[in-house]
Structures are given as structure tokens and as C-alpha cells.
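Structural overview for review
Each chain, written out:
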Amino acid sequence: MAHVAIVTGAGSGIGRAVAVRLADIGAAVVLVGRRRDALESTAEALNGECVLHVGDIRDPDVGRSADAAAEQFGGVSVLVNNAGIMPIAPMTDASLDAWRDTLDTNVFGPLQMIHAALPGMRRRGAGHIVNISSVAGRHPFPAAAVYSASKAALDAIGAGLRAELAADMKRGGPPIRVTTIAPGAVTTDLISSIRDERTREGTQQYYDSMAAPLTADDIAEAVCYAVESPPHVCVSDLEIRPTEMTR
Ligand SMILES: NC(=O)c1ccc[n+]([C@@H]2O[C@H](COP(=O)([O-])OP(=O)(O)OC[C@H]3O[C@@H](n4cnc5c(N)ncnc54)[C@H](OP(=O)(O)O)[C@@H]3O)[C@@H](O)[C@H]2O)c1
């Protein structure tokens, strides 16, 4: 049966590439993000069925309504929790609002999407949740403590959920896979979410210093690898870096 995927942050970068690639393998895709024009541009680029769902993943209704939107294709089988922000800054200069936004978007957003999608996956007897984390969650760097914490939390949520669903499967529950993908530096618009000027310039210089950072397509390829693996194979965790990236 063809996949029905919800992709958050589908209007740009990794989310856009994932949506396009999933459509290439026959998935119907629910495109979630706050900017309608960005989602429309992704819809034009992809080859297949899709529906736009404009909303903010910090709003708990967005998970529920995106899940309802997937019903028109038969219900969600793949949830890609990709949307995220990186408003990094040294902790001594940062605002509480930026920390709250980071945790609300990068941790509570995915949790609300999982909360909305999981009951339907269980009812229909299969599913796959893919969380886009970051190597920063495993190797915090200066100015990124809270962003790293958000991604470490997402790693723990994915690992805990995977173990819980595997135990459930042993008791006769449905096969629902959980995959965490932790990219290193990928060329996207993410750096523009850094409000602290010095940190933004420093991060940009770091990305520019690389001969070949990853592309969004590199990560989309990994998502498809996990999704297209045979049902008995759970690609539970992938770290993907530019070859030249040291940490
Ligand atoms: N680029 C990298 O080097 C890198 C490395 C490791 C991990 N990652 C992770 O990869 C994921 C994708 O980032 P990207 O690099 O592709 O950057 P990006 O192009 O800035 O994409 C982030 C997407 O998330 C959406 N988004 C942000 N806040 C949202 C919210 N509250 N509700 C709904 N959508 C929201 C944005 O769309 P709207 O503004 O339209 O809502 C945007 O399309 C993120 O989780 C990021 O942490 C990126």
C-alpha cells in the first residue's frame, strides 16, 4: 500500500526535499508549515498527491488537524517530524523567549504531532515516525546549549518510544517503527533563525568553510532509506555528516 506521509517544515530545506522524495516513491503527502507560499512552492515541485496544511506545530490543534487531513488518503502511515528552529546565542546573552521557542518548537511540536498520529497508526496496524534531530544534540557546541538540549530530548523521545512500541509489538501490538536521523551541517535557511548577529555570522562562516556541506537531498535520501526498508527492519538511528566535519 502506498505511504501517506505528514511532513512538518515542508516549505523549505530538508522538509521540502523529504516531501519531494517521498512523493517520488508514491507517497501522498500532507505538507505542514506556517508559510503558505513556501508550502505552495513545495507542492508545485513535487510529483504526486499532496495537501497543504498551514499551521504552527506549537499549536496542539495542528497535529490533530494534519492527522485529519491525512484521512482523505486513508490515514497517516509516516510522520516526519522535521520542523525546527535554531535561534542559538551564548547563554549569558540569550532571551528566555528564544529558549522557550526552541523547546516548544523542537520538542513539544514533535510530541504533539506524535500524540495526534499514534492512535490512528495503532488502529490501522502500522506506522513509522521519523524525527530529524541533529549531531548538536550529541555534541553541544558553544552558544548552542539549548538547541542541543532540544535535540537530545528528541533523541530520548525517539529511543524511548521505539523501545515502548517494540515491547508492545511483542505483546501483539502493531509494528510501528521509529527512526532518528541526526544530520551535521546541511546547507539550508536554518541559519537565518539565529537572531544573535555574532553567532549568526560565526555559524555562517563555519558552514562556508566547508568544501562540501550536506544538501537537503542527502537527508531526504536517508529518510527514504528508512521508510523503504523491509517491515522487519527498523533503521533506529542515523548520524550523517559532511565527510570533512570533525564532530
Ligand atoms: N541545516 C542544518 O545544518 C541542520 C543540521 C541538523 C539538523 N537540522 C534540523 O533539520 C530540520 C529542518 O531544518 P532545515 O535545515 O531544513 O531549516 P529550514 O529550511 O529553516 O527549515 C525549517 C522548517 O521548519 C518550519 N518551522 C519552523 N518553526 C515551525 C513551527 N513552529 N511550525 C511549523 N513549521 C515550522 C519552517 O517553515 P515555516 O517558517 O514556514 O513555518 C521551515 O520550513 C530542523 O529540525 C533542524 O533543526 C538542520
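Residues numbered from 1 in each chain as written. Predicted model: local features only at pLDDT ≥ 70, side-chain atom pairs only at ≥ 80, totals over all residues. Heavy atoms only, no water.

Right, let's get into the site of the ligand. Arg35, Asn82, Tyr147, Thr188 and Tyr207 are the nearest of the 29 residues found near the ligand. Gly9 has a polar backbone atom sitting 3.4 Å from an oxygen atom of the ligand. Here the ligand has 870 Å² of accessible area as a free molecule, and 95% of this is covered by the chains. Of the residues belonging to the shell around the ligand, the class tally is 11 nonpolar, 12 polar and six charged. (Near = heavy atom within 4 Å. Polar contact = N/O pair within 3.5 Å; in protein donor to acceptor, adjacent residues only side chain to side chain. Areas by Shrake-Rupley, 256 points an atom, 1.4 Å probe, with all protein chains shown as cover. Nonpolar A, V, L, I, M, F, W, Y, C, P; charged D, E, K, R; others polar.)

This part is about the packing of helix H1 (residues 13–24) against helix H2 (residues 36–45). Running from N to C, H1 and H2 cross one another at 30 degrees; their axes reach a closest spacing of 9 Å. Relative to H2, H1 is oriented roughly parallel. For the pair H1 and H2, the sense of crossing is right-handed. Here Arg16, Ala19 and Val20 of H1 come into contact with H2, specifically with Ser41, Thr42 and Ala45. Residue classes in the contact of H1 with H2 are distributed as three nonpolar, two polar and one charged. (Axes fitted to C-alpha atoms, helices over the stretch in contact; angles between N-to-C directions. Helix = DSSP H or I, 4+ residues; strand = E, 2+ residues; numbered from the N terminus. Parallel < 35°, antiparallel > 145°, perpendicular 65-115°, else oblique. Left-handed = near helix turned anticlockwise from the far one by under 90°. Contact = heavy atoms within 4.5 Å.)

With that settled, consider the packing of aromatic side chains. For any pair of aromatic rings, the description rests on two quantities: the centre-to-centre distance and the angle between the ring planes. Scanning the model with the defined rule gives one aromatic pair in all. With a centroid separation of 6.1 Å and 80 degrees between ring planes, the pair formed by Tyr206 and Tyr207 is classed as edge-to-face. (Phe/Tyr/Trp six-rings, centres within 6.5 Å; stacked < 30°, edge-to-face > 60°.)

With that out of the way, let us pick up the pattern of salt bridges. This model, assessed by the stated rule, comprises 13 salt bridges. Among the salt bridges present, the one from Arg122 reaches Asp168, with a minimum N-O distance of 2.7 Å. Placement of the pair is Arg122 in helix H4 (residues 96–124) and Asp168 in helix H5 (residues 145–170), with a sequence separation of 46 residues. Of the residues examined, Asp168 reaches a relative accessible area of 14% and is grouped as buried. A salt bridge links Glu239 to Arg138; its shortest N-O distance comes to 3.0 Å. Of this pair, Glu239 sits in strand E7 (residues 237–240) while Arg138 sits in the loop between strand E5 (127–132) and H5, and the two are 101 residues apart along the sequence. (Salt bridge = Lys/Arg side-chain N within 4 Å of Asp/Glu carboxyl O. Buried < 20%, exposed > 50% of the residue type's maximum accessible area, 1.4 Å probe, protein only.)

Attention now moves to the nonpolar core. Judged by nonpolar contacts, the single largest core of 29 residues is most densely connected at Val18, Leu22, Val29, Val80, Ile181, Ile219 and Val223. Within the residue set of this core, elements represented by two or more residues are strand E1 (4–8), H1, strand E2 (28–33), strand E4 (78–81), E5 and helix H7 (216–228). Among the elements that make up this core, the one with the highest residue count is H7 (seven residues). By size, the runner-up hydrophobic cluster in this structure holds 23 residues, among which are Ile57, Ala66, Val76 and Met113. (Core = buried A, V, L, I, M, F, W, Y, C linked by side-chain atoms within 4.5 Å.)

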